[in-house]
Number of protein chains: 2
Amino acid sequence: MLKLYYAAHTCSLATHIVLEDVGADYSTVRIDFASAQQRSAEYLKINPKARVPALMTDRGILTETPAMLAFVAQSFPKLNLALMDDAFAFAEVQAFNSYLCSHLHIAHAHRMRGHRWVDAADAHSIAAMQRKVPESVGGAFEHIEKELLKGPWVMGERYTICDAYLFTLAQWLEADGVVPARIPKVIDHRRRMSERASVRNAIAEELA
Amino acid sequence: MLKLYYAAHTCSLATHIVLEDVGADYSTVRIDFASAQQRSAEYLKINPKARVPALMTDRGILTETPAMLAFVAQSFPKLNLALMDDAFAFAEVQAFNSYLCSHLHIAHAHRMRGHRWVDAADAHSIAAMQRKVPESVGGAFEHIEKELLKGPWVMGERYTICDAYLFTLAQWLEADGVVPARIPKVIDHRRRMSERASVRNAIAEELA
């Protein structure tokens, strides 16, 4: 059985939603960031990177959201949630997810996790990073709005793993200072996603 | 036919190596960063993100290295360079590539591209980011050394797309201030990679 290690309000929600989408037989383990549980000796055995998400499988542990999303999709091939039977379409799915991971999420991380890239005691630089977040995160969302989100779903007519991932990162945009009026398609996508049963179920469990 | 847009000394080398590995029928277009060709109107039509790599295919343009590497592997399935016939093994391949993209490459980018995350005129913060690079990039390489590189290849006995990507990013480690003696397996892997015909061919073309 699959076991998802997650923390509320983090990118682990994306995998949680897709596990619901496919109807997987899975359990969850909540990692409490407030008490720094992700750095506990016990959790470091699960993920030495001290981050969520992590997915325990019969074969071992997987990490990194783009990899986990494609894994869940490939494990439930009938639903074709990653369009993997078409190399070009799958590559578009992967390019989108990679963009979210390495551009959008990274830009966002400079608001709360600036110590990864400058000395934690350097208050000037930490604040300088935070000031840039509305522009850097906003720019990434505008790129998604203009270039990537085909509509109604990210990849067009077909719902895919990209939708769960975009919805997850779109939870944070107001707190990042992004102006919703500049990205109406993203906002409409977020609203439609929030009405899906898989999304409601995953969020309800995480916030319970 | 595939057409790879690349720039020397960038992560586009990874896809270039894998195109050589699979014996693809492909051509290349060199993008000159010194003259900011990646921001030319002509190139922005290829990739509005103003970055390399980009891969022109019969179906359209692909970007993002993890997606492109898996695409090339899937397009030449006999070589099985992404272990895609095994969902767990493929997810391990993908998790490794995602780590390179969103952790290692991002840490590296804070040396030369700090303006993405702070105001370009803020010399203090730009310098603060640069000072952290030996630690952040070094930490990522030590994680690879200790946890991820199975040996002799990244995924063990089988050469995969991960090897081309790791070799590519390992080109920069000395310039990033990483101490090679701390990561002997990575350094040995880089040396063995540099002897492969595909790697020699790709580098020879890029530096010609």
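Residues numbered from 1 in each chain as written. Chains lettered and ligands numbered in written order. Predicted model: local features only at pLDDT ≥ 70, side-chain atom pairs only at ≥ 80, totals over all residues. Heavy atoms only, no water.

Draft legend 1. Representation of the overall build of chain A within the structure. From N to C terminus, chain A includes eight helices and four strands. Going residue by residue from the N terminus, the α and β elements of chain A occur as β-α-β-α-β-β-α-α-α-α-α-α. In terms of overall dimensions, chain A is globule-like: its C-alpha atoms have a radius of gyration of 17 Å, near the 17 Å expected for 208 residues. Along the first, second and third principal axes, the C-alpha atoms of chain A reach 50 × 45 × 35 Å. Residue burial in chain A is summarised as follows: out of 208 residues, 57% are buried. (Helix = DSSP H or I, 4+ residues; strand = E, 2+ residues; numbered from the N terminus. Rg over C-alpha atoms; globule rule 2.2 N^0.38 Å. Buried < 20%, exposed > 50% of the residue type's maximum accessible area, 1.4 Å probe, protein only.)

Draft legend 2. Local environment of the side chain of A:S125. Within the secondary structure, A:S125 is located in helix α5 (residues 123–148). Side chain to side chain, A:S125 and B:H124 meet in a polar contact 3.5 Å long. Apart from residues no more than four positions distant in its own chain, A:S125 is found in contact with A:V118, B:H124, B:S125 and B:A128. (Polar contact = N/O pair within 3.5 Å; in protein donor to acceptor, adjacent residues only side chain to side chain. Contact = heavy atoms within 4.5 Å.)

Draft legend 3. Structural detail: the interface of chain A and chain B. Contacts between the two partners involve 49 residues from chain A and, on the opposite side, 49 residues from chain B. Overall, the association of chain A and chain B removes approximately 3800 Å² of surface from exposure, summing both partners, and the carbon and sulfur fraction of that is 62%. It is A:R59, A:F88 and A:W117 in chain A that bury the most area against chain B; as a group they hold 16% of the surface buried on that side. Taken together, the links from chain A to chain B amount to two salt bridges. Here B:R59 ties to A:D86 by a salt bridge, and the two come within 2.9 Å at their closest N and O atoms. Going through the elements one at a time, β4 (60–63), α3 (65–75), α4 (87–112) and α5 of chain A are the ones with two or more residues in the side of chain A that touches chain B. In terms of residue count, α4(A) provides more of the side of chain A that touches chain B than any other element does, 16 residues in total. Residues that form the side of chain A that touches chain B fall into these classes: 22 nonpolar, 15 polar and 12 charged. (Buried area = accessible area lost by both parts, 1.4 Å probe. Salt bridge = Lys/Arg side-chain N within 4 Å of Asp/Glu carboxyl O. Nonpolar A, V, L, I, M, F, W, Y, C, P; charged D, E, K, R; others polar.)

Draft legend 4. Focus on the environment of B:P134. The residue B:P134 is located in helix α5 (residues 123–148) in this model. Those residues in contact with B:P134 that lie beyond four places of it in its chain are B:G139, B:D176, B:G177 and B:V178.

Draft legend 5. Up close: empty space enclosed by the protein. Using the criterion set out here, one finds two cavities of 30 Å³ or more in the structure. What the largest cavity holds in volume is close to 90 Å³. Looking at the largest cavity, the residues that line it are A:P66, A:Q94, A:S98, A:C101, A:S102, B:P66, B:A67, B:Q94, B:S98, B:C101 and B:S102. Mapped onto the lining of the largest cavity, the elements with two or more residues apiece are α4 of chain A together with α3 (65–75) and α4 (87–112) of chain B. The class makeup of the residues in the lining of the largest cavity is five nonpolar, six polar and no charged. Here the second largest cavity defines a volume of roughly 30 Å³. Elements represented by at least two residues in the lining of the second largest cavity include exactly α4 and α5 of chain A. (1 Å grid on protein atoms, 1.4 Å probe; cavity = no way out; pocket = protein on both sides within 12 Å on 5 of 7 lines; lining within 4 Å. Points joined across faces, edges and corners; volume = space filled by probe spheres on them.)

Draft legend 6. Broad picture of the relation of the copies chain A and chain B. Overlay of chain A on chain B (RMSD 0.0 Å): rotation 180 degrees, translation along the axis 0.0 Å. In symmetry terms, the pair is related by a two-fold rotation axis. With an isologous cut-off of 70% or more, the 100% of interface residues of chain A that recur at the interface of chain B puts this contact in the isologous class. (Least-squares fit on C-alpha atoms with pLDDT ≥ 70 in both.)

Draft legend 7. Examining the pattern of salt bridges more closely. Residues and elements named next belong to chain A. Scanning the entire structure with this criterion turns up 22 salt bridges over all chains. Across the pair R111 and D176 runs a salt bridge whose closest N-O atoms are separated by 2.5 Å. You can see R111 sitting in helix α4 and its partner D176 sitting in the loop between α6 (161–169) and α7 (184–194), a full 65 residues away along the chain. On the basis of relative accessibility, which here comes to 22%, the residue R111 falls in the partly exposed class.

Draft legend 8. Quick peek at helix α1 (residues 12–22) of chain A. Residue and element names in this part refer to chain A. Judged by how many residues are buried, α1 sits mostly within the fold: 10 of 11 residues are covered. S12, L13, A14, T15, H16, I17, V18, L19, D21 and V22 are the residues of α1 that are buried. Contacts made by the buried residues of α1 are with β1 (2–6), β2 (26–30), β3 (54–57), α3, α6 and α8 (197–207). Residue G23 follows α1 closely and has a positive phi angle near 70 degrees.

Draft legend 9. Layout of the environment of A:H16. Residue and element names in this part refer to chain A. Secondary-structure assignment places H16 in helix α1. Classification of H16 as buried rests on a relative accessible area of 0%. For the pair H16 and P53, spaced 37 residues apart in sequence, the C-alpha separation works out to 9.3 Å. Ignoring anything within four residues of it in the chain, the contact list for H16 reads L4, Y26, T28, A202, E205 and E206.

Draft legend 10. Examining the packing of α4(B) against helix α6 (residues 161–169) of chain B more closely. Residue and element names in this part refer to chain B. Two elements in contact, α4 and α6, have axes separated by 9 Å at closest approach and are oriented at 15 degrees. Here α4 is positioned roughly parallel relative to α6, judged by the angle of their axes. By crossing handedness, the relation of α4 to α6 is classed as left-handed. Between α4 and α6, the contacting residues are V93, F96, N97, L100, C101, L104 and H105 on the first element and I161, C162, Y165, L166 and L169 on the second. Here the contact of α4 with α6 is composed, by residue class, of 10 nonpolar, two polar and no charged. (Axes fitted to C-alpha atoms, helices over the stretch in contact; angles between N-to-C directions. Parallel < 35°, antiparallel > 145°, perpendicular 65-115°, else oblique. Left-handed = near helix turned anticlockwise from the far one by under 90°.)

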